[in-house]
Amino acid sequence: MYHKEKSIQIKNSASALYNNLGVLRIAPRSLTYFTVVHANVVNMVSASWDGLNYSHRQLQSKEPNVATSTSLIMQAAFCALPSRDLLVVTSQKGIQMYESDGSTMVYWHALDTPDTPTDQAVFARGISAVGKSDSSGSILVFDVPSKGSNITLSDVLKGHKKSITDIASECSGSQDCIADLISADDGGNLCVWKSGEEFQRFNNIPGFDISCTSVKLWKGTAVAGYGTGQIRLYEAVTGILHAEVNAHARWIYSLDIAPFSGLLLSAAEDSLVRVWHLSIKPESLSVEVAHLHNECVTDTQICGAKFCDGDGYAFAVTGYDLSEIIRYSQS
Amino acid sequence: MSMRTLPLVFINLGGEMLYILDQRLQALNTSEDNSEKGVWSEKDRKRVMNDIVGAMFSKDFMDELLKPQQLYSHRTLKTVLTRIAHASIMRLNPASMDRLYELMVMAFKYQIFLCPRPKDLLLITYNHIDTIRELVKDTPVVVNQVDETHRKIVEVYSSLPEGEFQLLRQTLLIFFQDMHIRVSLFLKIQVQNPNGRFALSTSGPVPHGIDVPGLIRTFDGKGREVRRSEFPSGGSYSSSVREGCFELHGDRVIRLGMDMYTVNHPEETHTSKDTFVKTDNTPNLLAKEELNLLARLMGSMKAEKEPKAETGFWINLFTTDQGEEEEAGASGIAEEPLFEVINIQAMQDEQVTTELARIAGQFAEEEPPGNLSSSKGDDLLAMMDDL
């Protein structure tokens, strides 16, 4: 179904972090941007679709201190907002936002770090088009104007007791999906939020003390990946479990959905990437999962996997200690 | 990231160091007593083990490690581990210590990488502690220290949730990133590939608590299962074995963290020529917190043994420092050798003894309490520059 394409070499290897691959497709310029986190650096590659041009850029985490280990980046992701795209980088020190090509930093939000170290790690992790979150279990919501750097913190949502691992969002507007934001934490709990004047917590789907490391929202269905290697599909607003898949033999590190085709990508520490198909059955309002394809990246613990386009025609993969972005496209 | 890495780092790396030293010293043992110069007797070996374990598991040192703090640089780690090793009558030259550090680190990286569940990092640690306890079993005082430390580790870590362990593991993986030094033992038993990466299998038992991949279950609106289907997993997994014991004593089940060297003595451990290339901070930029940590850790260790009172025993674990050029010439092969042969020698000659005195002088002596002045910091800085 898919075959391997030419890999993109990156300047550093990928770190073992959840969801460690960002992809942004710039159709008007026939380019795709990729971001991969390595310790305290974000490696950005801009790849032309004809495969001839690659340009690289590195972004450092904003850090007054020089010790690498205290300025680690947790995640870098693109946020596609209605009027602009941003690159958001979350780290132990705070949240940085850049123009999508990484050229200018437009915003910096520092996290409160205690003066004396406590046993709780402090960091920000979890990025989606609406908000970013931190290790205390709070979600920070930022208002982003269509141009410029007048970004403001507009809300802090508290709903999690454990560190947040991932957030996902889906724009409301159609009748089918009401839920706007979903957040997952280290206890496997999922919180569903609705946007509006203020964000409101709509639903809470409890976990079983197993981390949910990656979550996506598609047509009102929450798709969550766990440390047990399982994928679960829930109806976001009601919390009804649609399906459960024993998908991987190790911790899932990344999930992605191609919204136009309903293809689902899952990747784990077991070195496997799997492609699934989600289908919504209108008569029963249930969601079904079908397995389509496997790819094994030999001897590699995968840490990021994303579709490169909305149909799922191609996808890209990163792995711990690998200095390349591996690409696959449909045959 | 994680603030709880240091105790596990020291116990596991220290454990690996002890395994290697133990194996080396045993291989050198050709006589039962000290009569031959440059030869390590059984008594000497046990004494070295006791001294190092005593230093590593000392209450003060462990208490410092158990304070929540960041994991700093390889330089700091190496400095402290060298100091621990020098708590015995054995002396390692810097080149030997570098190579020893590489071996230790690659072994630990292998264990973290293949750790079945993040929580199993504890079982790996307990495997190290169990074996260390065996090494010093004839000395009750030191066994007590090991037991005390073990109890503290159980107390602090047993209640951590899996997400915390995964964060800890990720912090360690980042710390050991890009290290692909090939170790001949690992290559021989095929846990490492010729390109330096570890082998990750898609067959065998799944970790405890995980189901074998392959099943899709679909539910209706009322939570009843309505269909099951299977998919090809792309591997050949079997169900998990029983869970290892997290108590003070018990069967750990997983074998990671056990002594890999015992089966293969007198194997010489070759490592590949490409040394660990990681951009590290130059001494000038050493973070203030890192220096503070170093000062606290060094200060919490017992005073170094005075080697002048008795014959100082040198270990030159690896001949790379002196003999590198000679070796390269002597090998006489056209292409660059993939591996350097690392021979174990116990050397004792005049040049080495003066070297000994110089290195012993580098480490700060224990100062009387209340005297924590800038001089201690200066000594440490000087020491860092020398590394």
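Just so it is clear, the model here is predicted, and its values are computed rather than measured. (Residues numbered from 1 in each chain as written. Chains lettered and ligands numbered in written order. Predicted model: local features only at pLDDT ≥ 70, side-chain atom pairs only at ≥ 80, totals over all residues. Heavy atoms only, no water.)

Peer 1: I'd like a rundown of the sheet that holds strand 9 (residues 94–99) of chain A, residues and numbers included.
Peer 2: Adjacent strands of a sheet form backbone hydrogen bonds with each other and so pair up, either parallel or antiparallel. Residues and elements named next belong to chain A. Taken in spatial order, the four strands of this open sheet run 7-8-9-10, and their pairing is antiparallel. Of all strands in the sheet, those bounded by a partner on one side alone are strand 7 (73–80) and strand 10 (105–110). Mean inter-strand twist for the sheet, computed between neighbouring axes without regard to direction, equals 15°. As defined by bridge partners, strand 8 (residues 85–91) adjoins strand 9 across five bridges and the pair is classed as antiparallel. (Pairing = 2+ DSSP bridges. Helix = DSSP H or I, 4+ residues; strand = E, 2+ residues; numbered from the N terminus. Axes fitted to C-alpha atoms, helices over the stretch in contact; angles between N-to-C directions.)

Peer 1: Quick one: what's the story with the interface of chain A and chain B, residue by residue and with numbers?
Peer 2: Each side of the interface is counted separately: chain A has 60 residues, and chain B has 57 residues. Counting the surface lost from both chain A and chain B, the interface buries some 4,800 Å², and carbon and sulfur atoms represent 52% of this. If you sort the residues of chain A by the area they bury against chain B, N246, D299 and Y320 of chain A come out on top, with a joint share of 14%. The tally of links between chain A and chain B comes to four salt bridges. Of the charged contacts in the structure, one is a salt bridge between E288 of chain A and R227 of chain B, with a shortest N-O distance of 3.3 Å. Those elements that provide at least two residues to the side of chain A that touches chain B are strand 22 (241–246), strand 25 (272–281) and strand 26 (286–296) of chain A. Its residues placed into classes, the side of chain A that touches chain B shows 27 nonpolar, 22 polar and 11 charged. Here strand 22 of chain A runs beside strand 3 (residues 215–219) of chain B; their pairing, made up of four bridges, is antiparallel. (Contact = heavy atoms within 4.5 Å. Buried area = accessible area lost by both parts, 1.4 Å probe. Salt bridge = Lys/Arg side-chain N within 4 Å of Asp/Glu carboxyl O. Nonpolar A, V, L, I, M, F, W, Y, C, P; charged D, E, K, R; others polar.)

Peer 1: Hey, could you go over the packing of aromatic side chains for me, with residue numbers and the actual values?
Peer 2: Applying the stated criterion across every chain yields a total of 15 aromatic pairs over all chains. Both rings, one in F113 of chain B and one in F198 of chain B, keep their centres 6.2 Å apart while their planes meet at 40°; by these two values the pair is tilted. Of the two residues, F113 of chain B is situated in helix 5 (residues 94–114) and F198 of chain B in the loop between helix 9 (184–188) and strand 2 (203–205); the sequence distance between them amounts to 85 residues. The burial state of F113 of chain B is the same as that of F198 of chain B; both residues are buried. Taken together, the ring pairs connect Y320 of chain A together with Y110, F113, F186 and F198 of chain B into an aromatic cluster. Across the ring face of W193 of chain A, the terminal group of R201 of chain A is positioned such that the distance to the ring centre comes to 6.0 Å. One residue, K119 of chain B, lies across the ring of F246 of chain B, its end atom 4.9 Å from the ring centre. (Phe/Tyr/Trp six-rings, centres within 6.5 Å; stacked < 30°, edge-to-face > 60°. Buried < 20%, exposed > 50% of the residue type's maximum accessible area, 1.4 Å probe, protein only. Lys NZ or Arg CZ within 6 Å of the ring centre and 35° of its normal.)

Peer 1: Mind laying out the nonpolar core, listing which residues take part and the relevant values?
Peer 2: Ranked by size, the top nonpolar core spans 90 residues in total, and within it F10, M17, V80, I84, Y157, L172 and F186 of chain B carry the most contacts. Of all hydrophobic cores here, the second largest spans 22 residues; its members include L24, V42 and M44 of chain A together with I174 of chain B. (Core = buried A, V, L, I, M, F, W, Y, C linked by side-chain atoms within 4.5 Å.)

Peer 1: How would you sum up the packing of helix 4 (residues 74–85) of chain B against helix 5 of chain B? Please name residues and give values.
Peer 2: The packing of two helices is summarised by the inter-axis angle and the distance between the axes. Residue and element names in this part refer to chain B. Following both chains from N to C, one finds helix 4 and helix 5 inclined at 110°, their axes separated by 11 Å at the closest point. It follows that helix 4 is roughly perpendicular to helix 5 by the angle criterion. In the crossing of helix 4 with helix 5, the sense of the turn from one axis to the other is right-handed. Packed against helix 4, whose contacting residues are H74, L77, K78, L81 and T82, the element helix 5 presents M97, D98, Y101 and M104 at the interface. The residue makeup of the contact of helix 4 with helix 5, split by class, is five nonpolar, two polar and two charged. (Parallel < 35°, antiparallel > 145°, perpendicular 65-115°, else oblique. Left-handed = near helix turned anticlockwise from the far one by under 90°.)

Peer 1: Requested: an account of the sheet that holds strand 5 (residues 41–48) of chain A, with residues and values cited.
Peer 2: Residues and elements named next belong to chain A. Taking strand neighbours across the sheet as the criterion, the four strands line up as 3-4-5-6 in an open arrangement whose pairing is antiparallel. Looking along the sheet, the strands with just one partner apiece sit at the ends: strand 3 (22–26) and strand 6 (54–60). Neighbour-to-neighbour, the strand axes of this sheet turn through a mean angle of 20°, independent of strand direction. Sheet analysis places strand 3 next to strand 4 (residues 31–38), joined by five bridges and oriented antiparallel. Opposite V23, over in strand 4, you have F34 as the bridge partner.

Peer 1: An account of the pairing of strand 7 of chain A is requested, with residue identities and associated values reported.
Peer 2: Residue and element names in this part refer to chain A. The buried fraction of strand 7 is high, at seven of eight residues. Here strand 7 pairs with strand 8 via seven bridges, running antiparallel. Its bridge partner being in strand 8, I73 is matched across the sheet by S91. Joining the antiparallel neighbours strand 7 and strand 8 is a turn of four residues.

Peer 1: Please give an account of the pairing of strand 3 of chain B that cites residues and values.
Peer 2: Residue and element names in this part refer to chain B. Burial analysis of strand 3 places four of its five residues in the buried class, the great majority of the element. Direction of pairing for strand 3 relative to strand 4 (residues 225–230): antiparallel, over a ladder of five bridges. When the bridges of strand 4 are listed, F219 appears paired with E225.

As far as function goes, none of this settles anything; it's purely spatial.
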